[in-house]
Amino acid sequence: MAQDYVILDKKNENGMIAINKSVFESIAEISIGDIENAVAVKETRFSKPVSVRIDKGELLVTADIKVKYGANVNATAELLQNKIYENILFMTGYKASDVTVNVTGFEI
């Protein structure tokens, strides 16, 4: 079974603090909405616009987006990558090891 959460605070007398990976997915989806020229790819039965993996305690985030026609693709992807990283760090205090932005097409 894959690990579905990241442990923030090791177990002590009161318990432990952990965050489910769905929280990181939600933060990344909100971040896509914050970027003017980025549009999240529609969710289908077999794929989601944001995927989060936890591998050996490292958080790996992948976001699939479309870029609005006429916008700078490189600048938009870089801006989104930084926004996702900063929002995850700000909201959870956890640093993502890798944030990947895949541009799958253009929104006209």
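Structure first, text after, so check above.
First, a word on what this report is: a plain description of the structure on this page. From a predicted model like this one, the values you see are computed outputs, not experimental measurements.

### Thoughts on the nonpolar core
Side chains that are nonpolar tend, in soluble globular proteins, to be buried together.
Step number 1: Membership of the largest hydrophobic core comes to 25 residues, with the highest contact counts inside it found for Phe-24, Leu-59, Val-61 and Ile-84.
Step number 2: The element best represented in this core is strand S5 (residues 58-68), accounting for 5 residues.
Step number 3: If near-sequence neighbours (up to four positions away) are discounted, Ile-84 is found in contact with Ala-28, Ser-31, Val-61, Ala-63 and Val-99.

### Quick word on the pairing of strand S6 (residues 98-107)
Step number 1: Two strands pair when backbone bridges link them, and S5 and S6 are joined in this way by 9 bridges, in the parallel orientation. Looking across to S6, one finds that Lys-66 is bridged to Gly-105.
Step number 2: Taken together, S5, helix H2 (residues 73-92) and S6 form a β-α-β motif whose crossover is right-handed.

### Remarks on helix H1 (residues 21-34)
Step number 1: The end-to-end C-alpha distance of H1 is 20 Å, a good match for the 20 Å that 14 residues give at a rise of 1.5 Å each.
Step number 2: Inspection of H1 places Phe-24, Glu-25, Ile-27, Ala-28, Ser-31 and Ile-32 among the buried residues, and these make up the whole buried set. Around the axis of H1, the buried residues are gathered within 165° of arc, so they sit on the same side.
Step number 3: Turning to H1, the residues buried within the fold contact strand S1 (5-12), strand S2 (15-20), strand S3 (38-40), strand S4 (50-55), S5 and H2.
Step number 4: Measuring from the backbone nitrogen of Ser-22 back to the side-chain oxygen at the start of H1 gives 3.1 Å, which picks out Asn-20 as the cap.

Cut-off values and rules
Residues numbered from 1 in each chain as written. Predicted model: local features only at pLDDT ≥ 70, side-chain atom pairs only at ≥ 80, totals over all residues. Heavy atoms only, no water. Core = buried A, V, L, I, M, F, W, Y, C linked by side-chain atoms within 4.5 Å. Buried < 20%, exposed > 50% of the residue type's maximum accessible area, 1.4 Å probe, protein only. Helix = DSSP H or I, 4+ residues; strand = E, 2+ residues; numbered from the N terminus. Contact = heavy atoms within 4.5 Å. Pairing = 2+ DSSP bridges. Right-handed = clockwise from strand over helix to strand, strands pointing away. Expected span 1.5 Å × (residues − 1). Arc of directions from axis to C-beta. Polar contact = N/O pair within 3.5 Å; in protein donor to acceptor, adjacent residues only side chain to side chain.

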